[in-house]
Amino acid sequence: MSFAAKQVSSEILPVPKYYQGTVAAGANQTIISAVSTKKIRVLSYSFQADKAGTVKLLNHSGATILPEMNLVANQFVSETCVVGLFETLASTALDITATVFAALAVRITYQEI
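Residues numbered from 1 in each chain as written. Predicted model: local features only at pLDDT ≥ 70, side-chain atom pairs only at ≥ 80, totals over all residues. Heavy atoms only, no water.

1. Section: the packing of aromatic side chains
- Applying the stated criterion to the full structure yields 2 aromatic pairs.
- Judged by centre distance (5.1 Å) and plane angle (35°), the rings of Y45 and F47 are tilted.
- Judged by centre distance (6.3 Å) and plane angle (35°), the rings of Y45 and F86 are tilted. Separated by 41 residues along the polypeptide, Y45 in strand β3 (residues 40–49) and F86 in strand β7 (residues 86–87) bring together distant segments of the chain.
- Judged by its relative accessible area of 5%, Y45 falls in the buried class.
- Residue class for F86 comes out buried when judged on its relative accessible area of 13%. (Phe/Tyr/Trp six-rings, centres within 6.5 Å; stacked < 30°, edge-to-face > 60°. Helix = DSSP H or I, 4+ residues; strand = E, 2+ residues; numbered from the N terminus. Buried < 20%, exposed > 50% of the residue type's maximum accessible area, 1.4 Å probe, protein only.)

Structure representation (structure tokens):
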């Protein structure tokens, strides 16, 4: 019995990158800078609230890409998808809008595609 080698696509998958930080209340704060001609594809995110408030993610242009979520004090939320949850437009930064929080812990895994 012989096995023929199969050729795998020569396209290299984008390496995952990570953002981790704390965000105070405020509108349209850039958390991941734009990369020329590339989209930011979010693979996972997590938020941990210190107080009750709301959070949403947007393209730098202002278009919502993760609708507003209401969080209670000390709540932790996360979501993951290996093929991507959502992405920005090409050459556009990823912004966050948070209300009420003194400190919102944010972790994002993403690819530049």
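2. Things to note about the environment of P16
- Of note, P16 is situated in the segment before β1 (17–23).
- Considered as a pair, P16 and H60 are 44 residues apart in the sequence and their alpha carbons are 21 Å apart.
- Setting aside anything within four residues of it in sequence, one finds P16 in contact with T109, Y110 and Q111. (Contact = heavy atoms within 4.5 Å.)

3. Things to note about the pairing of β3
- Judged by how many residues are buried, β3 sits mostly within the fold: 8 of 10 residues are covered.
- Pairing of β3 with strand β9 (residues 104–112) involves 9 bridges; the strand directions are antiparallel. The residue bridging I40 from the neighbouring strand is E112, located in β9.
- Here β3 pairs with strand β6 (residues 76–80) via 5 bridges, running antiparallel. Bridged to Y45 within β6 is E79. (Pairing = 2+ DSSP bridges.)

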